[in-house]
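Chains, contacts and geometry: an overview
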Amino acid sequence: MTLLIDDENRVRTITLDRPEALNAFNEALYDALTEALLAAAEDPEVAVAVITGAGRAFSAGQDLGDMQARITDPDFPAGRHGFPGLITALTDFPKPLICAVNGVGLGIGATILGYADLVFMSSTARLKCPFTSLGVAPEAASSYLLPQLMGRQNAAWLLMSSEWVNAADALRMGLVWRVCEPEDLLAEARSHANVLASRPIPSLMAVKQTMVEPIRSEITAATAREYALFEKLMGAAANAEALADFHRGRSS
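Residues numbered from 1 in each chain as written. Predicted model: local features only at pLDDT ≥ 70, side-chain atom pairs only at ≥ 80, totals over all residues. Heavy atoms only, no water.

Brief notes about the sheet that holds strand S5 (residues 97-101)
- As summarised here, the arrangement of the 6 strands in space is S1-S2-S3-S5-S7-S10, forming an open sheet in which the pairing is mixed. In this open sheet, the two edge strands, each paired with only one partner strand, are strand S1 (3-8) and strand S10 (178-180). For this sheet, the mean angle separating the axes of adjacent strands, direction not counted, is 20°.
- Judged from the 6 bridges that link them, strand S2 (residues 11-16) and strand S3 (residues 48-53) form a sheet pairing that is parallel. If you follow Ile14 over to S3, its bridge partner there is Ile51.
- This element, helix H1 (residues 27-42), spans S1, S2, S3 and S5 of the sheet and lies at about 180° to S2. (Pairing = 2+ DSSP bridges. Helix = DSSP H or I, 4+ residues; strand = E, 2+ residues; numbered from the N terminus. Axes fitted to C-alpha atoms, helices over the stretch in contact; angles between N-to-C directions. Contact = heavy atoms within 4.5 Å.)

Concerning the environment of Asp117
- Tracing the backbone through its elements, the reader meets Asp117 in the loop between helix H4 (108-111) and strand S7 (118-122).
- Taking the C-alpha atoms as reference points, Asp117 and Ile5, separated by 112 residues in sequence, lie 20 Å from one another.
- Those residues within four positions of Asp117 in sequence are excluded, and the remaining contacts are Lys95, Pro96, Leu97 and Lys208.

Observations concerning the pattern of salt bridges
- On inspection of all chains with the given rule, the structure shows 9 salt bridges.
- We note a salt bridge from Arg216 to Asp92, for which the minimum N-O separation is 3.0 Å. Note that Arg216 is positioned in helix H10 (residues 216-233) and Asp92 in helix H3 (residues 82-92), a separation of 124 residues in sequence.
- Close ionic contact of Arg172 with Asp169 constitutes a salt bridge, the shortest N to O distance being 3.5 Å. Here Arg172 pairs with Asp169, and both are found in helix H7 (residues 167-173), just 3 residues apart, close to one helical turn.
- By relative accessible area, which is 56% here, Arg172 ends up exposed.
- Through salt bridges with shared partners, a single network forms among Asp7, Arg12 and Asp43. (Salt bridge = Lys/Arg side-chain N within 4 Å of Asp/Glu carboxyl O. Buried < 20%, exposed > 50% of the residue type's maximum accessible area, 1.4 Å probe, protein only.)

Here's the deal with a negative patch on the surface
- Together, Glu181, Glu183, Asp184 and Glu188 make up a region of like negative charge exposed at the surface.
- Examined against the element boundaries, Glu181 turns out to sit in the loop between S10 and helix H8 (185-197). (Patch = residues over 30% accessible without salt bridge, like charges linked within 9 Å, V, L, I, M, F, W, Y side chains within 5 Å. Areas by Shrake-Rupley, 256 points an atom, 1.4 Å probe, with all protein chains shown as cover. Lys, Arg positive; Asp, Glu negative; His and termini not counted. Charge placed at Lys NZ, Arg CZ, Asp CG, Glu CD.)

Description of the nonpolar core
- Counting 60 residues, the largest nonpolar core has Leu33, Leu37, Ile51, Ile112, Leu113 and Leu175 as the members making the most contacts within it.
- Here this core gets 7 residues from one element, more than from any other, and that element is H1.
- Excluding residues within four positions of it along the chain, Leu113 makes contact with Phe58, Cys99, Val101, Val119, Leu127, Leu149 and Leu175.
- Among the nonpolar cores identified, the runner-up in size contains 15 residues, and Val11, Cys180, Ala189 and Ala197 belong to it. (Core = buried A, V, L, I, M, F, W, Y, C linked by side-chain atoms within 4.5 Å.)

Describing the packing of helix H5 (residues 142-150) against H10
- Interaxial distance between H5 and H10 falls to 8 Å at its minimum, and their mutual angle equals 130°. With respect to H10, the element H5 is oriented oblique. Between H5 and H10, the residues in contact are Ser142, Ser143, Tyr144 and Leu145 and Glu218, Ile219, Ala222 and Glu226, respectively.
- Looking at the contact of H5 with H10, its residues break down into 4 nonpolar, 2 polar and 2 charged. (Parallel < 35°, antiparallel > 145°, perpendicular 65-115°, else oblique. Nonpolar A, V, L, I, M, F, W, Y, C, P; charged D, E, K, R; others polar.)

Take a look at the structure:
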């Protein structure tokens, strides 16, 4: 099991459930979250989706073991949807999407916030986009979405520095909407989700469509640019050295 699903008051809470791996995304989790979003989009009883994480992490991003295997194994078993399928599902999700960041968020655990309509973050959580420390390009259209959300300079720091950003700075930068005490996080996110879920679903979807449609082509273009550069840099010297350092650290 990689996900937990809970429905209440037309709000579907989707909990990433690989706590032993800090909810890092392997192919199974990419597929499970994609399927969950597709199902929530189609379900007439779901008005709002909330994504959160089990344990002490929101998501530690890409499972680096999977990344290493993808580079070294030509027969690496890709998932049905994989990372590209998840990005498409996030881009196309037609209903309000809320993220409740309960703990550390790295990589896709941070860039997924660019697709959220509202983001709640625990005061003890931290975010990092470790692309330059891994020698790779950005992902998930973050090179477009984050400057739109945070402004160019805040996004440049987050995407270029590979440094941690705490909750107070994430709020100041405009990456998140509310910072909550850890014990209040999910209740606060669900309380706001309940307000949205009390509205007519067709109206919610109309608002979402009018907000997203003007930028949909830009998201697609940014994703294509990032994929091309990611493929070029993955397995190159800086990336190979970073992954080797990771595996040396894990085995020591």
